[in-house]
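Understanding the architecture of this molecule
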Amino acid sequence: MSDLTPDFIEMAKCLFVGYKALTINETPVSCLLEDRSTSSIISIGYNYTNTSLNGTKHAEFIAVRKLKDKNPDIDFSTVKMYVSVEPCIMCASFLRQLGIGEVIYGCSNDRFGGNGTVLSVHSDSNLPQENYTSYGGILRTEAIQLLRNFYIQENESAPQPKIKKNKEIENKTFPPNRFNLSREEFIDHYGVERIGVFESGEEEITPKLGKGYSLKEFIDLKSLKDIPYLEEDLGVVTEDQVNEFLDLFFDISDDGKVNYSKAIRKFNSKKRHLEE
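Values in this document were obtained by computation on a predicted structure and should not be read as measured data.

The rules behind each value
- Residues numbered from 1 in each chain as written.
- Predicted model: local features only at pLDDT ≥ 70, side-chain atom pairs only at ≥ 80, totals over all residues.
- Heavy atoms only, no water.
- Pairing = 2+ DSSP bridges.
- Helix = DSSP H or I, 4+ residues; strand = E, 2+ residues; numbered from the N terminus.
- Axes fitted to C-alpha atoms, helices over the stretch in contact; angles between N-to-C directions.
- Contact = heavy atoms within 4.5 Å.
- Buried < 20%, exposed > 50% of the residue type's maximum accessible area, 1.4 Å probe, protein only.
- Salt bridge = Lys/Arg side-chain N within 4 Å of Asp/Glu carboxyl O.

With respect to topology, five strands assemble into an open sheet ordered β2-β1-β3-β4-β5, the strand pairing being mixed. Taken across any chain shown, the strands that pair with only one partner, and hence form the sheet edges, are β2 (41–46) and β5 (133–136). Taking each pair of neighbouring strands and ignoring which way they run, the sheet shows an average axis angle of 15°. In the packing of helix α3 (residues 59–70) onto the sheet, the strands contacted are β1 (30–35), β2 and β3 (79–85), and the crossing angle to β2 comes to about 140°. Contacts from helix α6 (residues 183–190) reach β4 (102–107) and β5 within the one sheet, and its direction differs from that of β5 by about 85°.

Next up, the structure:
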């Protein structure tokens, strides 16, 4: 697949949903459900565990509940999920039982990943139900950076808030880029032209071969305001929020490597704005 721009556009929208969740002190893990025949967004989800005090309120469960409330007889094989972080083992099993058509994720889930990092729930032939297709690495560094912005926040509700160390996330590099795919699977989805990304571990997937990107290429205010449920659930989307969101991330250069020379900012939940 030579042009991955449509996947990058949808994942950028997905990450913005996560950013909106971050503004209410939720972990910025988010997802979109898309109709595979029309490529239209039909539901969204975001982690809601902190507010609900319910550890099962993961983004995937919330997105599915919204969709089933509207369309109880939905055939999930017709649905594609974009999710910012690889589904955990619980969510991977849930998606398999639903018969989800396809899952595209941003970064791997090193501790609980159910789509290949810890367990391969999506493709284990010993499990009941059909396997489902899953690919990662779309806006990987952006998904990681959004999580970093959450983990540097301090819990103001704690009796003795823990002072977070190593908060200089604007100076941190990213771990190697590893795929939960065989060489053949990678080529089948991303194309043989991108095999260098698979082999080196030092490059990122880009929408077009040999061309870097900036996140601002994929979203604008109108496209975000058009996401179903977003403003209803997480408040009005403003131009200032879009700009603040974009300021959190590095660009990717034409060689597929992170442009660390770009000055980025970080989110401060106490002040509800970005810090230099």
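Right, picking up where we left off after that structure.
This brings us to the side chain of Lys-13. Its location among the elements puts Lys-13 in helix α1 (residues 5–22). By relative accessible area, which is 13% here, Lys-13 ends up buried. Lys-13 has contacts with Leu-32, Ile-41, Ile-219, Ser-223, Leu-224 and Ile-227, leaving out every residue within four places of it along the chain.

Turning to the pattern of salt bridges, a few remarks are in order. Note that side chains of opposite charge can pair when their charged atoms are close. Following the criterion strictly, the structure yields 14 salt bridges and no others. Arg-36 is paired through a salt bridge with Glu-102; the nearest N and O atoms lie 3.6 Å apart. Of the two residues, Arg-36 sits in the loop between β1 and β2 while Glu-102 sits in strand β4, which places them 66 residues apart along the sequence. Looking at Glu-102, the relative accessible area reads 10%, which means it is buried. For Arg-183, the salt bridge is made with Glu-199, and the minimal N-O distance between the two is 2.5 Å.

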